[in-house]
Amino acid sequence: MGLLTIGAFAQAARLTPKALRLYDALGLLPPAAVDPESGYRLYEPAQLDQARLISRLRRIGMPLAEIRTVCGLDPAAAAKAITAYWQRVTADTEARGQLATLLVDDLSGGGTTMSGTVSFHSAVRCETGAGRDSNEDAAYASERLLAVADGMRGLGGAAASAAAIDAVKLAESAADPLSALAAAVNEADRAVREAATDEHQPITTLTAIVCAGSRLALAHVGDTRAYLLRDGELTQLTQDHTYVQTLVDQGRLRLDEAAAHPQRALLVRALGARGQQVEIDLALRTALAGDRYLLCSDGLSAVVDRAALRDALTAAADPEQAVQRLIELAYAAGAPDNIACVVADVTEAG
């Protein structure tokens, strides 16, 4: 059998000519030849197996960048790569399922909802990383507010994180926690911008939770994080606003690649950044009996995996023990960055 036109090849492979042109442009499936006069792509019948493999991998949602790698492997290695990919998809689906369950509980008032006013019983630590000569992290905890900020190293980062924490304290006494917290974070953004000079523009991340009545308001900008431990399951409540996380969301980077990416700390959102007013992630939650929250900087989350975080939070009898154990884990992993950490249990106020 001779060469197949792109139309005939597409029909045999159950693909569209548009898909074949995309795969050619990406180097996934270049044609065997191109007609010098018409410019038509021509394919060998032997290329059908690879075309069908690409099609099947696309149907399970594999990113094109990863498909390129799989197509270059022998069958046994390709099978292992597909298995590893699907394990990541399953884990991500499970995490999204947990978030969906939490959202349904919050919207429907499910779970063991506190009947009156809640408060936090918390512990807070802010430690300097190994080999660091300065600490730009800041952390704060009270009966109504939890907050962690991480300023850029140097360039007024310590002042920026401190200003952010001070600003969100304005929301501690608010009856409407979500709107008050949003206003407080915008005030924090303004305060950090005003600290800029001609030479330096300080920036900081910020993650904060305020309680009022039986509701909790969450505000988040940057790559500090908030986690919830509920019924033995640890769920990340925030999404990192980083360049690398954007690549992961777009399917251009695997999670295991993201952890070692040289630009993993490059922020796409931060308080004080030049340009438009900061975009804030906001959420309103229902307080549930037995909930334990962790807010931390990437000095903890970047070096201690989620399983170890969960084990430490589950085993600790109180927030003080949990914080101590988390700090120990960060130092055991080398503590290359500063570590801000707040652990809080939700309790009914007396």
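These numbers were taken from a predicted model, which means no experiment stands behind them.

1. Considering the overall build of the protein
Here comes step 1: The secondary structure content of the protein amounts to 12 helices and 13 strands.
Here comes step 2: Residue pairs at least 24 apart in sequence account for 66% of intrachain contacts in the protein once pairs closer than 6 positions are excluded.
Here comes step 3: If you sum the accessible surface of the protein, you get close to 16900 Å²; carbon and sulfur atoms cover 52% of it.

2. As for the pattern of salt bridges
Here comes step 1: In total, this model carries 13 salt bridges according to the counting rule given.
Here comes step 2: Between D166 and K169 there is a salt bridge, and its shortest N-O distance comes to 3.6 Å.
Here comes step 3: We note a salt bridge from R325 to E328, for which the minimum N-O separation is 3.6 Å. Linking R325 with E328, this pair stays in helix α12 (residues 319-332), spanning 3 residues, or about one helical turn.
Here comes step 4: Of the residues examined, E328 reaches a relative accessible area of 36% and is grouped as partly exposed.

3. Concerning the nonpolar core
Here comes step 1: Formed by 25 residues in total, the largest nonpolar core has its most connected members in I165, V168, L181, V185, L206 and L271.
Here comes step 2: Sort the elements by how many residues they give to this core and helix α7 (residues 177-194) lands first, with 5 residues.
Here comes step 3: Filtering out sequence-adjacent residues up to four positions away, L271 remains in contact with A164, V185, A188, D189, V192, P202, I203, T204, L206, V221 and V278.

4. Some words on the packing of helix α6 (residues 157-168) against α7
Here comes step 1: Between α6 and α7, whose axes approach to 8 Å, the crossing angle comes to 150 degrees. Between α6 and α7, the angle is such that the two are roughly antiparallel. The hand of the α6/α7 crossing is right-handed. Here α6 contributes A160, A163, A164, A167 and V168 to the contact with α7, which in turn contributes L181, A184, V185, E187, A188, A191 and V192.

5. Here we look at the confidence of the model for the protein
Here comes step 1: This prediction gives the protein a mean pLDDT of 85; 85% of its residues lie at or above 70.
Here comes step 2: Within the protein, strand β12 (residues 292-296) carries the highest mean pLDDT (98), whereas helix α9 (residues 255-259) carries the lowest (62).
Here comes step 3: Note on residues 111-115: pLDDT is under 50 here. Beyond four places in sequence and across chains, it has 15 contacts.

6. What about helix α4 (residues 64-71)?
Here comes step 1: Those residues of α4 that sit buried are L64, E66, I67 and V70. Summarising the axial view, the buried residues of α4 lie within an arc of 155 degrees, below the 170-degree limit, and thus occupy one face.

7. Regarding the environment of A147
Here comes step 1: Along the chain, A147 falls in strand β6 (residues 145-151).
Here comes step 2: Since its relative accessible area comes to 0%, A147 is described here as buried.
Here comes step 3: Taking the C-alpha atoms as reference points, A147 and A164, separated by 17 residues in sequence, lie 9.1 Å from one another.
Here comes step 4: Beyond its immediate sequence surroundings of up to four residues, A147 is in contact with A138, A139, Y140, I165, V168, T207, A208, L295 and V342.

8. Quick notes on the sheet that holds strand β9 (residues 225-230)
Here comes step 1: Reading across the sheet, the 5 strands line up as β4-β13-β12-β9-β10 and stay open at both edges, with antiparallel pairing between neighbours. Taken across any chain shown, the strands that pair with only one partner, and hence form the sheet edges, are β4 (118-127) and β10 (233-236). Geometrically, the sheet is characterised by an average inter-axis angle of 20 degrees between neighbouring strands, direction not taken into account.
Here comes step 2: Direction of pairing for β9 relative to β12: antiparallel, over a ladder of 5 bridges. Following the sheet pairing, R225 is matched in β12 by C296.
Here comes step 3: The strands that α12 touches are β4, β12 and β13 (339-348); relative to β4, the one it contacts most, it runs at about 30 degrees.

9. So, the state of the cysteines
Here comes step 1: In total, this model carries 0 disulfides according to the counting rule given.
Here comes step 2: Lacking any disulfide linkage, C126 is separated from the closest cysteine sulfur, that of C341, by 9.9 Å.

10. Remarks on the side chain of T238
Here comes step 1: Its place among the elements puts T238 in the loop between β10 and α8 (243-249).
Here comes step 2: What makes T238 buried here is its relative accessible area of 6%.
Here comes step 3: A distance of 3.1 Å separates a polar atom in the side chain of T238 from the backbone nitrogen of A226.

11. Quick look at the pairing of strand β8 (residues 215-221)
Here comes step 1: For β8, the buried fraction is high: 6 of the 7 residues fall into the buried class.
Here comes step 2: With antiparallel pairing between neighbouring strands as the criterion, strand β7 (residues 204-212) and β8 make up a hairpin whose turn holds 2 residues, including G213 at a positive phi of roughly 65 degrees.
Here comes step 3: In this structure, β8 lies alongside strand β11 (residues 281-286), joined through 6 bridges in antiparallel fashion. In the sheet register, H220 faces β11, and the bridge partner there is D281.

12. Quick notes on the side chain of D345
Here comes step 1: Looking at the element boundaries, D345 is found in strand β13.
Here comes step 2: Polar contacts involving the side chain of D345 include one to the side chain of R292, which spans 2.6 Å.
Here comes step 3: Apart from residues lying up to four places away in sequence, D345 is in contact with S119, F120, H121, D291, R292 and P319.

Cut-offs applied
Residues numbered from 1 in each chain as written. Predicted model: local features only at pLDDT ≥ 70, side-chain atom pairs only at ≥ 80, totals over all residues. Heavy atoms only, no water. Helix = DSSP H or I, 4+ residues; strand = E, 2+ residues; numbered from the N terminus. Contact = heavy atoms within 4.5 Å. Areas by Shrake-Rupley, 256 points an atom, 1.4 Å probe, with all protein chains shown as cover. Salt bridge = Lys/Arg side-chain N within 4 Å of Asp/Glu carboxyl O. Buried < 20%, exposed > 50% of the residue type's maximum accessible area, 1.4 Å probe, protein only. Core = buried A, V, L, I, M, F, W, Y, C linked by side-chain atoms within 4.5 Å. Axes fitted to C-alpha atoms, helices over the stretch in contact; angles between N-to-C directions. Parallel < 35°, antiparallel > 145°, perpendicular 65-115°, else oblique. Left-handed = near helix turned anticlockwise from the far one by under 90°. pLDDT = per-residue confidence, 0-100. Arc of directions from axis to C-beta. Pairing = 2+ DSSP bridges. Disulfide = S-S within 2.5 Å. Polar contact = N/O pair within 3.5 Å; in protein donor to acceptor, adjacent residues only side chain to side chain.

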